[in-house]
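What follows is each chain in one-letter form.
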Amino acid sequence: MSAQTDTPGSVTAVYRVTGMSCGHCEGSVSGEISQIPGVSSVKAVASTGEVTVVSQSPLDDEAVRAAVDEAGFELAGTA
């Protein structure tokens, strides 16, 4: 997992998600990932397929995968 610390006590990870094509897609993915405990912000960009997640600690990749699946998309890995 690609992670970096931006501020004390936070971790930023960038994931690649396939299938997003519009703002609604971005909202669906962001909404599902934001429900993972410890997540403080999510920014999904359909044009690049990148989803940037800021959390209190590193996230379990399977939790992120499950959230992306629930939104109807596929986690392709980290960016």
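Summary of the structure given here. (Residues numbered from 1 in each chain as written. Predicted model: local features only at pLDDT ≥ 70, side-chain atom pairs only at ≥ 80, totals over all residues. Heavy atoms only, no water.)

Focus: the pairing of strand 2 (residues 11–18)
Put simply, side chains in a regular strand alternate between the two faces of the sheet. Put simply, the test is: Any two strands with at least two DSSP-identified bridges between them are counted as paired. Numbering of helices and strands runs from the N terminus; a helix is a DSSP stretch of H or I covering at least four residues, while a strand is a stretch of E covering at least two.
Examined bridge by bridge, strand 2 and strand 4 (residues 50–55) share six bridges and lie antiparallel to one another. What sits directly across from Thr12, in strand 4, is Val54. Sheet topology places strand 2 next to strand 5 (residues 74–78); four bridges connect them, and they run antiparallel. Bridge pairing links Thr18 to Glu74 in strand 5.

Details of the packing of helix 1 (residues 23–34) against helix 2 (residues 61–71)
To be explicit about the condition: Every angle, taken between N-to-C directions, lies between 0 and 180 degrees, and every axis is a line fitted to C-alpha atoms, over only the stretch in contact when it is a helix. When an angle is under 35 degrees it counts as roughly parallel; over 145 it counts as roughly antiparallel; between 65 and 115 it counts as roughly perpendicular; any other value is oblique. Each crossing is labelled by how the near helix is turned from the far one, with a counterclockwise turn of less than a right angle marking it left-handed and a clockwise turn marking it right-handed. Here, residues are in contact when the closest pair of their heavy atoms is within 4.5 Å. Note on residue classes: Ala, Val, Leu, Ile, Met, Phe, Trp, Tyr, Cys and Pro are nonpolar, Asp, Glu, Lys and Arg are charged, and everything else, Gly too, is polar.
The N-to-C vectors of helix 1 and helix 2 enclose an angle of 140°; their axes lie 8 Å apart at closest approach. The angle between the axes of helix 1 and helix 2 places the two elements in the oblique class. Between helix 1 and helix 2 lies a crossing of right-handed hand. Note on element contacts: helix 2 touches helix 1 through Val64, Ala67, Val68, Glu70 and Ala71, opposite Ser28, Val29, Glu32 and Ile33. Residues that form the contact of helix 1 with helix 2 fall into these classes: six nonpolar, one polar and two charged.

Description of the pattern of salt bridges
Convention followed: For this document, the term salt bridge refers to a Lys or Arg side-chain nitrogen within 4 Å of an Asp or Glu carboxyl oxygen. Only protein chains enter the area calculation, which uses a 1.4 Å probe; residues under 20% of their type maximum are buried, those over 50% are exposed, and those in between are partly exposed.
Using the criterion set out here, one finds two salt bridges in the structure. Across the salt bridge formed by Glu50 and Arg16, the nearest N and O atoms sit 3.3 Å from each other. One end of the pair, Glu50, is in strand 4; the other, Arg16, is in strand 2, with 34 residues separating them in the sequence. Of the residues examined, Arg16 reaches a relative accessible area of 35% and is grouped as partly exposed.

Things to note about helix 1
Here is the rule we go by: Expected helix span is given by 1.5 Å per residue-to-residue step, counting one fewer step than there are residues. Our arc is simply the arc of the directions from the helix axis toward the C-beta atoms.
Here helix 1 is twelve residues long and its end C-alpha atoms lie 16 Å apart, about the 16 Å a rise of 1.5 Å per residue gives. Among all positions of helix 1, only Cys25, Val29, Ser30 and Ile33 are buried. The buried residues of helix 1 occupy an angular sector of 125° when projected down its axis, which confines them to one face. If you follow the buried residues of helix 1, they end up packed against strand 2, strand 3 (39–45), strand 4 and helix 2.

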